[in-house]
Amino acid sequence: MNEKAPNVSGTLRVPSVLAFALALLILPGCGGCQGSKAKSAAATSRHADSIAQYSTELFNAAIDNLNHLEDNDCMELVRTISDRIRTIASERAVSRRVATDSLLASWPEPQMLGDAVGRLNEWAKTQEKPVDWKLDPLVAALPPNLAKLPMVRSLDRLEFTSYDGFMLMEAVWLRDLSNWARGKTSDELTQARNLFDWTVRNIQLDPTLADDIAHIPQFPWETLFLGHGTAEERAWTYILLLRQQGIDAAMLGLPMREGKDGAGQGRGGSPTVVPWCAAVSIGEGDKKQLYLFDPHLGLPIPASKSTGPNPLPATLEQVVADPHLLDRLDVDADQPYWAKKGDLKHVAVMVEASPLYVSQRGRVMESRMAGPQKVVLGTNPTVQGERIKAAAGSLTKTAEIRLWTLPYTTLERRLDLEPELVCRRLRSFLRFFVMPTLYKGRILHIKGRFFAESEAVALYQQSRPSENELGERHNEIYKHWYALIRESILRSGEPPSRKVDETAIVNATAQTEIMMLALREAKYDASYWLGLVQYEGGDRETYRSAADYFTARTLRALPGGPWTHGAHYNLGRCYEALDQPSEALEEYQAAGDPGSRVRVAWLKGPNAAESKKPENKVPENKVPEKNVPEKNVPEKKGIDNATGQKQVEAVKGQ
């Protein structure tokens, strides 16, 4: 618990304060006594000031919690997750359903997050609803199955839910991440390229089919925290990162053609569309253009002959004028890029509008925040859709504006998730709480706090115990669970005392194996994420250090492990940055995903000798910078490499 946050549980509740103030206002007069009226007015003013101060303290305490969730005590969450898994298993045996909300059942709620929601609800009681708020027309037109979701039915309320707590946590993480990963530049196109590149390198692509019932659809905070997601989950995260920087972006959809896999979202006779790419609106006034980024390939639609690790993106207008730009994304003659010239005549603008961003409470909360603590919590999807449509150039008249229903279909699916998938998601979080340094390190990684003492690098290193240390942890964990289970059995009176030890041994052994698996997963995650942190250094030393983590501590440490694809891809990126195209080619071939295969084609093609780091150059079609006196775009990395690398080398190899 954060000591700075005041304990409001025992303070006078706001309704009582308001009632008392109201009573003062309606006290009977004192025979025209002006002195009594003056005293009454002064008392009312004092109570109004008290209410305002109380409200401010509640709000600030909640924001402080949201900004410091890495300080949570993780140990209680280990027991919470274990108990919840056992409860769900017993429920499943009876009805094959999760008795409570399966969404929240799959998210272990840290105490500080729950406290933040509680304080915000106390604060909300002091707020008035905005008189000009109304449900956005795109949201109002949701199909009935999505309109009945509890998150949609409560959009007009000021009360925050536990679900909102996770969405607020997500928004804070998106703000902090985008503030450093955008780079040290005010040029919005460079920011958009840097944020997309970060997303692709740090969110490993999950290959899933639309009808894969074993897939657990994710929210952006899960995608960020766990480090992997589908192409659409990548795009969702990317668009919200841009939102925190005040940059308009939407998903573009193209008509579904026979034989093209993907989930359409037809509506009212409109053609079913397939999500295609993220379109980012860049420029001034009526000069805005839509720059295109394909989240499945992990590549921008390349402008002209631009290739390299982070090629210049084409605009939608450029692609419409020259559809052959799409041919640059062919793997080979037998594997052409699926989007074609004819598809571009029926582009749909699919606007992201998750529930919190179109709610009254999100709007009111954002209006109370300013400066570095400002978090974007509101959007107007209809207005944003019109802005993006206007930037579509020649397609303005035919482009259709839709609500991107992914956030709502994700909610629908997660609210009715099968018990075994709820348990699987809980187990995916277990390693962060069994290894608290991984939990804190992961949040600080997202915040861009890498090299200082007790920040991401040091915490990740502490999450990589040796085999001897793991052996010691095994014994400690077994003793802990044995004592806990034995005490629980004795309290319950069953089974008979002669079976207490036998039952405790069996259960403690099983629990210990689960915990040890989580510890090994934590170690493996930490090794891979250390490589990603090193890559952010942006120089030859840090690229070599990153390559070492990806090779020796990821691929060799656990062949075929969960980070194999990401390690091969990021190794390829390291080798490209080090001007070693042959090694990069080998790693991209090993990665094997469509985007890596396109990179292979580029490395083998006639343009392989082009600049390896276009993101650090001024783009040819660059939008003029605002309020930036220097002529060159600054280096994109936000890390003090001179200080940080020394600290990394000091702990490397532990």
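This one's a predicted model, so the numbers in the text were calculated from it and none came from an experiment.

Observations regarding helix H17 (residues 419-434)
Helical geometry: 3.6 residues make up each α-helical turn, so side chains three or four residues apart lie on a common side. The end-to-end C-alpha distance of H17, which contains 16 residues, comes to 22 Å, matching closely the 22 Å that a straight helix rising 1.5 Å per residue would cover. The largest bend in H17 is about 25°, located at Ser-428. Counting buried residues in H17 gives 13 out of 16 residues, a clear majority hidden from the surface.

What about the packing of helix H9 (residues 162-181) against helix H10 (residues 188-202)?
Where H9 contacts H10, the two axes come as close as 9 Å, and the packing angle between them is 115°. Relative to H10, the crossing made by H9 is right-handed. Along its contact with H9, which presents Leu-177, Ser-178, Trp-180 and Ala-181, the element H10 presents Asn-194, Leu-195 and Trp-198. Residue composition of the contact of H9 with H10, grouped by class: 5 nonpolar, 2 polar and no charged.

Topic: the confidence of the model for the protein
Summary statistics for the protein give a mean pLDDT of 83 and a share of 80% for residues scoring 70 or more. A low-confidence stretch, residues 1-31 (pLDDT under 50), is modelled with 40 contacts involving residues beyond four sequence positions or located in other chains. When the criterion is pLDDT under 50, residues 608-654 qualifies, and its contacts beyond four places in sequence or with other chains add up to 103 contacts.

Thoughts on the pairing of strand S4 (residues 273-282)
The buried fraction of S4 is high, at 10 of 10 residues. With 7 bridges joining them, strand S3 (residues 249-255) and S4 adopt antiparallel strand pairing. Pairing of Pro-255 across the sheet is with Val-273, part of S4. Counting the residues that bridge the hairpin from S4 to strand S5 (residues 289-294) gives 6 residues, and of these Gly-283 lies at a positive phi of roughly 135°.

Thoughts on the side chain of Lys-447
The topology assignment puts Lys-447 in helix H18 (residues 436-447). Of the polar contacts made by the side chain of Lys-447, one reaches the side chain of Asp-176; its length is 2.9 Å.

About the thresholds
Note that residues are indexed from 1 along each chain, following the sequence as it is written. In view of the model being predicted, local features appear only for residues whose pLDDT reaches at least 70, and side-chain atom pairs are presented and counted only at 80 or more, with totals across whole chains, interfaces and linings using the full set of residues. Side-chain measures here rest on the full set of heavy atoms in the structure, leaving out hydrogens and waters. Secondary structure elements are taken from DSSP: a helix is a run of H or I of four residues or more, a strand is a run of E of two residues or more, and numbering for both begins at the N terminus. Helix span is expected to be 1.5 Å times the residue number reduced by one. Note that bend, as reported per residue, equals the angle between axes fitted to the 7 residues terminating at that residue and the 7 residues originating from it. Partly exposed describes any residue whose relative accessible area lies between the buried limit of under 20% and the exposed limit of over 50%, with all areas from a 1.4 Å probe on protein chains only and scaled to the type maximum. Axis lines are fitted through C-alpha atoms, for helices just across the contact stretch, and the angle between N-to-C directions can take any value from 0 to 180 degrees. Crossing chirality is assigned from the near helix's rotation relative to the far helix, an anticlockwise turn below a right angle marking it left-handed and a clockwise turn marking it right-handed. Residue contacts are defined here by distance: any two heavy atoms, one from each residue, within 4.5 Å place the two residues in contact. Ten residues, namely Ala, Val, Leu, Ile, Met, Phe, Trp, Tyr, Cys and Pro, are considered nonpolar, four, namely Asp, Glu, Lys and Arg, are considered charged, and the remaining ones, Gly among them, are considered polar. By definition, pLDDT measures how confident the predictor is in each residue, and it falls between 0 and 100. Here, strands pair whenever DSSP counts at least two bridges between them. Two N or O atoms count as a polar contact when they lie within 3.5 Å, although within protein this holds only if one can serve as hydrogen donor and the other as acceptor, and sequence-adjacent residues are included solely when both atoms are side-chain atoms.

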